[in-house]
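# Summary of structural features
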Amino acid sequence: MKPMADLTETTRFRFWLWLIKVIGLIVPRRLRADWKQEWQAELRHREALLADWDKLNWQSKLDLFWRGLGAFWDALWLQQLRLEDEMFQDLRYSVRMLLKNKAFTVVAVLTLALGIGANTAIFSVVNAVLLRPLPYPESERLMEAGRAFIGSDEVSALSEQKFVFLRDHAQSFEAITATTGARSEYQPPGESQVESLRGIHITEHFFRALGVNPANGRGFTGEEDSPAGERVVILGDAFWRRSFGADIDLIGKTITLNDLTRTVVGIMPSGFEYFGPQDVFMPMRVDPARQNEGHNWTVLGRLKQGVTPDEAGSELKQLFDQFQAAHPRSVQQNEIFGATSWRASMTRSIRELLWILLGAVSFILLIACVNIANLQLTRATARRKEMAIRVALGAGGGRLMRQLLTEGAVLALLGGAVGLLLSLWGMKAMLALVPAGMLPRAGEIDLDGRVLAFAMAASLLTGIVFSLVPALQTLRVDVNRALKEGGGKTGASAARGPLRSMLVVVEVALALTLTVGAGLLLRTFANLRAVEPGFDAHNVLTFEIAPPARKYDKVAKLKDLYSRALEGVGKLPGVESAALTNKLPFDRWFNLPYRLAGQSDWSGSTEYRLISPDYFRVIKMAVRQGRPFNEGDTAGAEPVVIVNEAFARRNFANVEPIGQQLCVACEYGDPALRRVVGVVNETKQRSLSEAAPVTVFIPLTQTAEGVRQVAQQASFLLRTAGDPLLLSGAIQDEMRQLDSTAPVKNLRSLEQLVGSSIAPQRFNLSLLSLFAGLGLLLAAVGIYGVMAYSVAQRTHEIGLRMALGAQNGDVLKLVVGQGMSLAIGGVVLGLLASAGLTRLLKSFLFGVKATDPLTFAAVSLLLISVALLACYFPARRATKVDPMIALRYE
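Just so you know, these numbers come straight off a predicted model, no measurement behind them.

Okay, the overall build of the protein next. A tally of helices and strands in the protein yields 28 helices and 21 strands. The burial tally for the protein puts 50% of its 890 residues in the buried class. Here the contacts in the protein between residues at least 6 apart in sequence split such that 82% fall between residues at least 24 apart.

Written as structure tokens, this is what we have:
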């Protein structure tokens, strides 16, 4: 048998040498020496067996191989000893060190908790809204089909006519459906209180398209979705349980909605949502012969298996050419059919903002990491002697790095745990600030597994980031010098090291970038507040009434109700004038196609407003030309219309608008040519940041039968002498006496409506300002901490300077100058970063450029002022150093 020394020279046994070495690496260090002789004996045994390998049968060969693998298994079982020897020892030591330095631990944990908590709260929203699949089977196959315009990838709602064409011709979808909102009211038998419901009209294949069926009962049939179909309804689970006690026998029975009897044919599953929870689902009652040109139908389709979104989009573009050939007067210039992912379409308005907020809150975490890294550097400097002793006793650089990284991981996990609790509060607070309708899928926001994994990963990553730099510093420790230093104190040079200075510069730059973004949004909000909407919203009260459809099934009945209601509320004490309209500014909008006299094709679409004669007087709109409506504009008089300046500018630029004729919704029930009798000023209708749309005003007294549905839910406006909301009770009483079945809804001031139009900008400003404030606070704390430590470490130097004649002002100038040089460096770096990053905010700004010099200058001055304040207090402490005590101390 060969001696062990010859084994390394034998190629035949090189595999076993490799095996023993690998096992040696995974066996705890303290057992390796004890196992050495056993390994050598085992190796000799393997050598003897391998010498006779060719003589062994397959069972012996398999046994030899199995025993070789068994060595790995034995070594793995010993890992608990390795943990006991090293990892657990590191953890115990880390906990002891953190408990020993309670002030440091509390500050570090709270700092990290702010960063991790804010990131987790924002990520939970991003996860639910943007990353999580829609709660429908194979939701990636759901597409929104609609009309688009060349040069844009956005799609919008379709008209009934266009939906019917796509439903009958599109081959890329296995099911296609359309939906639109439905006004629904339910009055329990024997009760006077009417409950307003969230309702929706759907077409026959709605459930097939979504891949969801009613939990009980069935969906709608094609006959029920026709104009002459039976009136049926499917109830939402929550409404069914709330109002009917989850009575399963309700299916097949009738209930009364909007004064119409409907048969219940199904109950939806618990938790089912479609643009939020819905109480009732009713058939659309599609009529292919109806020429409805209003684009108000949201169209969804489920792609067939194997069909890609691009293929579906190409087919829709081809179908548009066919539709245009068949209906040339029903399309606009540059209009096409398009399709996009439904999830992308739902989140289109919020997607960019959420990613920006996640990026902004990541800056907070980076600033927190920089602050903790600075604190860790300070601790590492103070622990130089400790590290030197450990090196002198045999600890390697890797062992020291692992210890410091373990301390950082423990600290980060503590911060992550507290941050997770803060994120729960932060999510609730943020959702309370979100304007209604701004955030889709808000009900799905929660702390799921992905969010918890994100919080854990963020905690561990931050632990590594802020511990890595101090850990690397330990590799360069000078053992001899550190052992000679007393009490762990270092020279002034350590405190003035370039690494700590660089970290301060970075956090100031990050804070400035955040604050510049907040400053731009503040300018935007101020600019929007300064925009004149084109009317006077002060002291104007608005409310709606919703007359039961069955009771007021004729236009004449509606007109009579509105006339009596307008007369009644107009006589209330404190009311100066009253009017009504079909749509309020900044509330909803309604557009219809129009055609100028003498033209055969549509001239475009316009906002359509039905108003009473005093409408312009109530909201103080100016009649620029012609006259307002008067009591003579009745149904038997000449059809008239008033247009706004935007309409006149687009259509009558070279002619006198007064006396021109046009037809609005000619094929939608109002075929009359109307003569323009007035031009009024432009008013904002959708938002303060958008240009005023072209708008026509029709006298309510000339409303035709064909547009009865447009006028069925009217909005009242009352100009009052004082606070309009004080009249709320009187209006409720007046309308209750007039007709208790037509309840008052949405009672609010016109100022509230205008304010709600800039609610998204207020939300953006609030969040980014909060992040900027946190960034400023953390940056100020970081500068203060570095300067305070610098002063403490330079006590001897400062005492020597003062002993040699330096005055308080000289010391103050020295310390403040050092801190301000770092702050100014951070400001310069931050300005450069802001010049690039603020361009991401371009779509959220109004009246201000992304690189606005005034904002950049103001924020720079703010950061410099904060830095000056953070430097002043340590500098002031430095001036109080007693030279004799400082020299004697050293």
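This part is about the environment of Ile-350. Among the structural elements, Ile-350 can be located in helix H11 (residues 348–382). With a relative accessible area of 3%, Ile-350 lands in the buried category. Distance from Ile-350 to Leu-439, taken between C-alpha atoms, is 6.8 Å for residues 89 residues apart in sequence. Not counting residues up to four positions away in its chain, the partners in contact with Ile-350 are Val-129, Met-438, Leu-439 and Pro-440.

Turning our eyes to something else, we now look at the confidence of the model for the protein. When pLDDT is averaged along the protein, the result is 82, and 81% of the positions lie at 70 or above. Within the protein, the element-level pLDDT minimum falls on helix H16 (residues 492–495), averaging 40, and the maximum on strand S5 (residues 232–235), averaging 96. Below a pLDDT of 50 lies the segment residues 1–13, which in the model reaches 18 contacts outside its immediate sequence neighbourhood of four places, other chains included. Low pLDDT (under 50) marks residues 487–496, which in the prediction has 23 contacts with non-local residues, meaning those over four places away or in another chain.

This part is about the side chain of Asn-681. Relative to the assigned elements, Asn-681 resides in the loop between strand S18 (674–680) and strand S19 (695–699). Using a relative accessible area of 7% as the deciding quantity, one classes Asn-681 as buried. Among the polar contacts listed, one links the side chain of Asn-681 to the backbone oxygen of Gly-534, at a separation of 2.8 Å. Of note is the side chain of Asn-681, whose polar atom sits 2.7 Å from the backbone nitrogen of Ala-622. The residues touching Asn-681, leaving out its near neighbours within four places in the chain, are Gly-534, Met-621, Ala-622, Arg-624, Asn-644 and Glu-645.

Right, let's get into helix H27 (residues 853–878). Taking 1.5 Å per residue, 26 residues should reach 38 Å; H27 reaches 37 Å between its end C-alpha atoms and fits that length. If you look at H27, its biggest bend is around 25 degrees, right at Tyr-872, and the proline Pro-874 turns up within four residues after that. Looking at H27, one finds that the buried residues are Thr-855, Phe-856, Val-859, Ser-860, Leu-863, Ala-867, Ala-870, Cys-871, Pro-874, Ala-875 and Ala-878.

What follows deals with the packing of helix H6 (residues 160–169) against helix H9 (residues 309–326). Two elements in contact, H6 and H9, have axes separated by 11 Å at closest approach and are oriented at 120 degrees. In terms of orientation, H6 and H9 fall into the oblique class. Between H6 and H9 the crossing geometry is right-handed. Across the interface between the two elements, Gln-161, Lys-162, Phe-165, Leu-166 and His-169 of H6 pack against Glu-315, Leu-316, Leu-319, Gln-322 and Phe-323 of H9. Within the contact of H6 with H9, the residues separate by chemical class into five nonpolar, three polar and two charged.

Attention now goes to the packing of aromatic side chains. Applying the stated criterion across every chain, the model contains 28 aromatic pairs. When the ring of Phe-323 is compared with that of Phe-337, the centres are 5.8 Å apart and the planes differ by 50 degrees; the resulting orientation is tilted. Within this pair, whereas Phe-323 is found in helix H9, its partner Phe-337 is found in strand S10 (residues 335–341), the two being separated by 14 residues in sequence. By the ring-pair criterion, three or more aromatic residues cluster together here, those being Tyr-136, Phe-206, Phe-207, Phe-272, Tyr-274, Phe-275, Phe-281 and Trp-342.

This next bit is on unusual backbone geometry. Glycine aside, residues mostly have negative phi angles, and peptide bonds mostly take the trans form. If you check the backbone angles, Ala-246 has positive phi at about 55 degrees while not being a glycine. Along the chain, Ala-246 falls in the loop between helix H8 (237–244) and strand S6 (254–257). With relative accessibility at 26%, the residue Ala-246 sits in the partly exposed group. Residues other than glycine seldom take positive phi values, yet Phe-275 does so here, at roughly 55 degrees. A residue is classified by how much of its surface remains accessible, and Phe-275, at 44% relative accessible area, is partly exposed.

For the rest of this paragraph, the subject is a nonpolar patch on the surface. Where nonpolar side chains cluster on the molecular surface, the patch consists of Val-106, Leu-110, Leu-114, Val-418 and Leu-422 and spans about 370 Å² of accessible area. Listed by contribution, the elements that provide at least two residues to the nonpolar patch are helix H5 (102–131) and helix H13 (397–433). Relative to the helices and strands, Leu-422 resides in helix H13. With a relative accessible area of 37%, Leu-422 lands in the partly exposed category.

Under the definition given, this model contains 24 salt bridges. As a salt-bridge pair, Glu-567 and Lys-571 come within 3.2 Å of each other at their nearest N and O atoms. Taking the relative accessible area as the measure of exposure, Glu-567 reaches 46% and is therefore partly exposed. Put simply, Glu-682 and Arg-649 hold a salt bridge, and the shortest N to O gap is 2.3 Å. Of the two residues, Glu-682 is situated in the loop between S18 and S19 and Arg-649 in helix H20 (residues 645–651); the sequence distance between them amounts to 33 residues. Relative accessible area serves as the criterion here: at 24%, Glu-682 is assigned to the partly exposed category.

On to the pairing of strand S17 (residues 661–664). Two strands pair when backbone bridges link them, and strand S13 (residues 591–596) and S17 are joined in this way by three bridges, in the antiparallel orientation. Counterpart to Arg-595 in the pairing with S17 is Cys-663. Of the pairings in the sheet, the one linking S17 to S18 comprises two bridges and is antiparallel in character. Across the sheet, the residue bridging to Leu-662 is Arg-674, located in S18.

By secondary structure assignment, the location of Trp-297 is in the loop between strand S8 (280–283) and strand S9 (298–303). In the structure, Trp-297 is positioned 138 residues away from Ser-159 in sequence and 6.0 Å away in space, judged by C-alpha atoms. Apart from residues lying up to four places away in sequence, Trp-297 is in contact with Ala-157, Leu-158, Glu-160, Phe-163, Ala-178, Thr-179, Thr-180, Met-284 and Val-286.

Next up on the list: the pairing of S13. S13 sits mainly inside the fold: six of its six residues count as buried. Bridge count between S13 and strand S14 (residues 604–611): four bridges; the pairing is antiparallel. Bridge assignment links Asn-591 to a residue of S14, and that residue is Glu-607.

Okay, the nonpolar core next. A general trend in soluble globular proteins is that nonpolar side chains are found buried together. Residues Tyr-615, Phe-697 and Phe-771 are the most contacted members of the largest nonpolar core, which totals 102 residues. Of all the elements, helix H24 (residues 759–793) adds the most residues to this core, at 14 residues. Those residues in contact with Phe-771, other than ones at most four positions away along the chain, are Ile-122, Leu-357, Ala-360, Val-361, Ile-364 and Leu-514. Ranked by size, the runner-up nonpolar core spans 42 residues in total, among them Leu-610, Val-676, Val-696 and Ala-714.

Moving on to the packing of helix H18 (residues 555–570) against helix H22 (residues 728–738). Contact geometry of H18 with H22 gives a least axis separation of 10 Å together with a crossing angle of 145 degrees. Handedness of the crossing formed by H18 with H22: right-handed. Side by side, H18 and H22 meet where Leu-561, Arg-564, Ala-565, Gly-568 and Val-569 of the first sit next to Glu-734, Met-735 and Leu-738 of the second. Of the residues contributing to the contact of H18 with H22, the split by class is five nonpolar, one polar and two charged.

Topologically, Gly-271 is positioned in the loop between strand S7 (260–267) and S8. Separated by 136 residues in the primary sequence, Gly-271 and Pro-135 have C-alpha atoms spaced 9.9 Å apart.

Quick notes on the rules
- Residues numbered from 1 in each chain as written.
- Predicted model: local features only at pLDDT ≥ 70, side-chain atom pairs only at ≥ 80, totals over all residues.
- Heavy atoms only, no water.
- Helix = DSSP H or I, 4+ residues; strand = E, 2+ residues; numbered from the N terminus.
- Buried < 20%, exposed > 50% of the residue type's maximum accessible area, 1.4 Å probe, protein only.
- Contact = heavy atoms within 4.5 Å.
- pLDDT = per-residue confidence, 0-100.
- Polar contact = N/O pair within 3.5 Å; in protein donor to acceptor, adjacent residues only side chain to side chain.
- Expected span 1.5 Å × (residues − 1).
- Bend = angle between axes of the 7 residues up to and from the residue.
- Axes fitted to C-alpha atoms, helices over the stretch in contact; angles between N-to-C directions.
- Parallel < 35°, antiparallel > 145°, perpendicular 65-115°, else oblique.
- Left-handed = near helix turned anticlockwise from the far one by under 90°.
- Nonpolar A, V, L, I, M, F, W, Y, C, P; charged D, E, K, R; others polar.
- Phe/Tyr/Trp six-rings, centres within 6.5 Å; stacked < 30°, edge-to-face > 60°.
- Patch = residues over 30% accessible without salt bridge, like charges linked within 9 Å, V, L, I, M, F, W, Y side chains within 5 Å.
- Areas by Shrake-Rupley, 256 points an atom, 1.4 Å probe, with all protein chains shown as cover.
- Salt bridge = Lys/Arg side-chain N within 4 Å of Asp/Glu carboxyl O.
- Pairing = 2+ DSSP bridges.
- Core = buried A, V, L, I, M, F, W, Y, C linked by side-chain atoms within 4.5 Å.

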